[in-house]
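Here is what each chain is made of, one letter per residue.
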Amino acid sequence: MSDFQYNANRIFGLDLLRSKAILLVLCSHILWIYPENNSFVSSLFKQFGFWGVELFFVLSGFLIGKILLELYLKEDFTIQSVFYFLKRRWFRTLPNYFLVLILNILIGVYFQFDLSEIWKYFLFLQNFACSMPKIFPESWSLSVEEFAYLLTPIFLLCFQYLFKIKDKSLQFLINIIVLILFFVSTKLIYNFSVQESTMTGWNDNLKSVVIYRIDSILIGILAAWIHLKRPNFWMKYKVEMMFIGFLLLSFLFLGLGKFNLRIENSIIFWNVIYIPLTSIAFALFLPFCEQFRVAPFWLKKPIVFISKVSYSVYLIHYSLVLFLMKSLIDTTNFSLTQLNCFTVGYLFVTFFLSHLLYRFYEKPIMDLRDKSS
């Protein structure tokens, strides 16, 4: 069997994007294993972490956007529709999250971390409007996603009752554009109210805070509307859009230095424009990848595996696996060869444990969700 044709429930190009996203995140956190330096590779790997999460946001928005739009158009969109949507999303995200959160709490107790604000994590409030505590740091993006899942359908429902528009597709589009503009405006308010001109402050107080980040997921939802309602445009210009996406990412990584767009002297660009532009760049890859449905069997198998376990990998790779390995093994005096071996071991342990978590916990819960739908 040389080629594998995906069925309607699985698209290889989207699996490929999801796999790339988690590998980008892993690359950035691998830097913790090695001595800090300012090399090009180190700078690139740091950028990978940001790109990986942004790609997750846009891809997540695209996938839930298709579900939401189809739900919005095919029947009366009611509070029951919202509950149905949320139930399916929460079955997908919450069990793994709460299990790993409890494990992080146990580790925090053992290492005597400050757990005074741990209650916020159970409500996804750890980074709602300000920087989060240092425990379970990768959970910041999950708060962004959960609030996007909650706020978007509720806003759609409320807007539907307040403003009667016959064309429900147009109504959906207006909703998403209004939400995008609202969350872009929160960054604008931040820009004029907070005097921040360092990358550390930007990372902690804007990039990782819920009220400034939901537009990244909404841009993915907007892409889903274009995909479903303007399919000819989506298919016709897929290569051109991917090329523009490459140009934007190249500019955002290499061009900022060339044009001296540093945070110290271009604060409004970083606070207001940089993140939405990154999200748009990744959204431009979706048309090409969404139509990429055939793959060689040798490539399909590892990509699908990484895609399936990506959520488990994201949850455990840093605050559980890497933290514990670094705590148990002193790598301070390791040679480069030893550090490389440590990295290989870390990746093996991460994917092995993630496979177990997916197979014996995440997948059975997903199967239960599908049976109860």
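Residues numbered from 1 in each chain as written. Predicted model: local features only at pLDDT ≥ 70, side-chain atom pairs only at ≥ 80, totals over all residues. Heavy atoms only, no water.

Moving on to the packing of helix α1 (residues 12–30) against helix α14 (residues 336–372). At their nearest, the axes of α1 and α14 sit 12 Å apart, and the two run at 140 degrees to each other. Relative to α14, the element α1 is oriented oblique. Every pair of crossing elements has a handedness; the one defined by α1 and α14 is right-handed. Where α1 approaches α14, its residues Leu23, Leu26 and Ile30 are matched on the opposing element by Thr343, Tyr346, Leu347 and Phe351. (Axes fitted to C-alpha atoms, helices over the stretch in contact; angles between N-to-C directions. Helix = DSSP H or I, 4+ residues; strand = E, 2+ residues; numbered from the N terminus. Parallel < 35°, antiparallel > 145°, perpendicular 65-115°, else oblique. Left-handed = near helix turned anticlockwise from the far one by under 90°. Contact = heavy atoms within 4.5 Å.)

Counted according to the given criterion, the structure contains zero disulfides. The closest cysteine sulfur to the non-disulfide-bonded Cys289 is located on Cys27, 18 Å from its own sulfur. Accessibility expressed as a relative area gives 8% for Cys289, which makes it buried. (Disulfide = S-S within 2.5 Å. Buried < 20%, exposed > 50% of the residue type's maximum accessible area, 1.4 Å probe, protein only.)

Attention shifts here to the side chain of Gln126. Locating Gln126 in the fold gives a position in the loop between α4 (119–122) and α5 (140–162). Polar side-chain contacts of Gln126 include one of 3.0 Å to the side chain of Ser139. At 3.3 Å, the side chain of Gln126 forms a polar contact with the side chain of Ser143. Sequence-distant contacts of Gln126, defined by excluding residues within four places in its chain, comprise Tyr97, Lys120, Tyr121, Ser131, Met132, Pro133, Ser139 and Ser143. (Polar contact = N/O pair within 3.5 Å; in protein donor to acceptor, adjacent residues only side chain to side chain.)

One finds Tyr97, Phe172, Tyr274 and Leu286 to be the most contacted residues of the largest nonpolar core, which totals 106 residues. Among the elements that make up this core, the one with the highest residue count is helix α2 (residues 40–74) (15 residues). When near neighbours in sequence (up to four residues on either side) are disregarded, Tyr97 contacts Tyr121, Phe124, Gln126, Phe136, Ser139, Leu142, Tyr311 and Leu315. (Core = buried A, V, L, I, M, F, W, Y, C linked by side-chain atoms within 4.5 Å.)

So, on to the side chain of Thr350. Mapped onto the fold, Thr350 is located in helix α14. A residue is classified by how much of its surface remains accessible, and Thr350, at 0% relative accessible area, is buried. Engagement of the side chain of Thr350 in a polar contact is seen with the backbone oxygen of Tyr346, the distance being 2.9 Å. Sequence-distant contacts of Thr350, defined by excluding residues within four places in its chain, comprise Val313, Ile316, His317 and Val321.

Limitation: the analysis is restricted to geometry and does not speak to function.
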